[in-house]
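Structural overview for review
In case you want the letters, here they are:
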Amino acid sequence: MSTWGGPVDVILTGGRVVTPGGVLENGWVSVRDGRIAAVGEGVAPEGPVTDVSGCTIVPGFVDIHCHGGGGDAFTNSDPAKVRKAASAHRRHGTTTLLASLVSRPVPELADQVSALAELTQEGVVAGIHLEGPFLSAARCGAHDPAILCPPEQTSVTKLLDAGKGTVRMITIAPELEGAVQAVRQLVDNNVLAAIGHTDATEAQVRPAVDAGASVATHLFNGMRPLHHREPGPIGALLDDDRVTVELICDLVHLHPTAVRLAARHAGRNRTILITDAIAAAGVGDGVYDVGGLEVRVVDGVPTLAGGAALAGSTLTMDVAFRNAVNSCGLTLMEAVYATSTRGAELLGLDTGKLQAGCAADIVVLDAELKPRDVMVRGEWVKE
């Protein structure tokens, strides 16, 4: 990766540029004052030029579900370690991410939210995602079942107040008492309501979506399985045009065929690839703590100690992008929408697209679709 560093006004030229309107085979991207000034094909305008021939230029990746990386988790109270975790993913092309927190008692979780709120305001992360504690004990996965609780209004309010506007998404099991009312409360506060870690029937999912739930937390995983006589949450969420579905594209949580079927049915405007990464991402095998539970990572796969339950992933978004294209059959445009554009749209951010006026969050991928250079708001990321 480049060590250029610092703000630049530059024209990236000679590469394949993936834009919302199509793939420009001999394209160029002009960057000025931290924003994309223009995108085109053929002869580039005059100016400071960087040749990226043989590369593919895509918008910076947007990960709306990430628990940590580089050896540290977003639950850490040390701001330096939170920055380290975010930086580990930035080197892999993730220019925007939500810091996801796992289930803890509400008072403890509120303290974690409060600490992350300050880092959100600094721009280290783009906001906070609470994956719990409002989850089903029957589908808790790597969440401590003793901590789980229904989404009472007072609990939801305490967490939102702690975030001071930085909580962007909360995952809820719709079958829990008070779930539909909680969804309405989140929507009223401009927070994305996601459905996940649920044993709900299809009939229990529908009222939550009608109330405004608009995201499926890692579809298939932590959910009652799809059955031809009881579609459950998978069938209800995948088949509802109001819901965007998260997919963990590490080829461990989901078979490539499952990714392809879901992505093709949902379409590019409803498909998001996520990492669900834990602290082990970018580090390697070992023993880690996830929400107070011991997790062992062997051959890159995290599982709860003493069991077979998957406990997040060691995925980075560049790998998710490559897997989507090379193993799951998504086109470059579909992969860009799933790893950048749709996430930015959900969060209402001015990134995720290579078009004039957007923030200059850019990833230059080499011939193997591996990050060669990463730009954040017009500044090259140093190694």
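How each quantity is defined
- Each chain has its residues counted from 1, running along the sequence as written.
- Under the rules for a predicted model, residues below a pLDDT of 70 receive no local features and side-chain atom pairs below 80 are neither given nor counted, while totals for whole chains, interfaces and linings still include all residues.
- To obtain the side-chain values, all non-hydrogen atoms of the structure were included, while hydrogens and water were left out.
- Throughout, the edges of the domains are those of an automatic or database domain assignment.
- Two residues form a contact once any of their heavy atoms are found within 4.5 Å.
- By buried area we mean how much accessible surface two parts lose on assembly, using a 1.4 Å probe and totalling the loss over both.
- Counted as salt bridges are all cases of a side-chain nitrogen of Lys or Arg within 4 Å of a carboxyl oxygen of Asp or Glu.
- A cavity here means a set of points on a 1 Å grid, drawn over the protein atoms and nothing else, where a 1.4 Å probe fits but cannot get out; a pocket is an open set with protein on both sides within 12 Å along at least five of seven lines, and a residue lines either one if it has an atom within 4 Å of a point.
- Grid points are joined across faces, edges and corners, and a volume is the space filled by probe spheres set on the points.
- In this text, helices come from DSSP runs of H or I with a minimum length of four residues, and strands from runs of E with a minimum of two, each type numbered from the N-terminal end.
- Following the grouping adopted for this structure description, the nonpolar residues are Ala, Val, Leu, Ile, Met, Phe, Trp, Tyr, Cys and Pro, the charged ones are Asp, Glu, Lys and Arg, and the polar ones are all others, Gly among them.
- UniProt positions are given in the numbering used here, feature names are shortened, and annotations may be inferred rather than shown by experiment.
- Using a 1.4 Å probe on the protein chains alone, a residue whose accessible area is under 20% of its type maximum counts as buried, one over 50% counts as exposed, and one in between counts as partly exposed.

Quick word on the domain arrangement of the protein
Taken domain by domain, the protein holds domain 1 (10-58 + 354-380) and domain 2 (61-347). Taking the mean C-alpha position of each, domain 1 and domain 2 sit 30 Å from one another. At the junction of the two partners, domain 1 supplies 18 residues and domain 2 supplies 17 residues. Here domain 1 meets domain 2 over a buried area of about 1200 Å², counting both sides, of which 77% is carbon and sulfur. Sorting the residues of domain 1 by area buried against domain 2 places Val18, Leu369 and Pro371 first, and these three jointly supply 33% of that buried surface. Applying the counting rule to domain 1 against domain 2 returns zero salt bridges.

Details of the layout of surface pockets
Considering only enclosed or pocket space, the largest pocket measures out at about 450 Å³ in volume. As for the largest pocket, its lining consists of 22 residues, and the residues nearest its centre are Arg90, Thr95, Gly123, Val376 and Arg377. Looking at the lining of the largest pocket, the elements with two or more residues in it are helix H1 (79-90), strand E9 (94-102) and strand E21 (379-380). A total of four residues in the lining of the largest pocket trace back to one element, the largest contributor, which is E9. Residue classes in the lining of the largest pocket are distributed as nine nonpolar, five polar and eight charged. Structurally, the lining of the largest pocket is a two-domain feature, drawing no fewer than three residues from each of domain 1 (10-58 + 354-380) and domain 2 (61-347).

Things to note about the UniProt feature "binding site: substrate" (unreviewed entry) in the protein
Mapped onto the present numbering, the UniProt feature "binding site: substrate" (unreviewed entry) falls at Ala142, Asn221, Gly222, Arg229, His253, Leu310, Ala311 and Gly312. These residues run over 171 residues, and the two farthest C-alpha atoms among them are 29.6 Å apart, placing them at more than one spot. Restricting the annotated residues to those that line the second largest pocket leaves Ala142, Asn221, Gly222, His253, Leu310, Ala311 and Gly312. Structurally, Ala142 can be placed in the loop between strand E10 (128-131) and helix H3 (153-163). What makes Ala142 buried here is its relative accessible area of 12%. When neighbours within four sequence positions are excluded, Ala142 is seen to be in contact with Val290, Leu293, Leu304, Leu310 and Ala311. For His253, a relative accessible area of 11% puts it in the buried group. Leave out the neighbours within four places in its chain, and His253 touches Asn221, Ile248, Leu310, Gly312 and Ser313.

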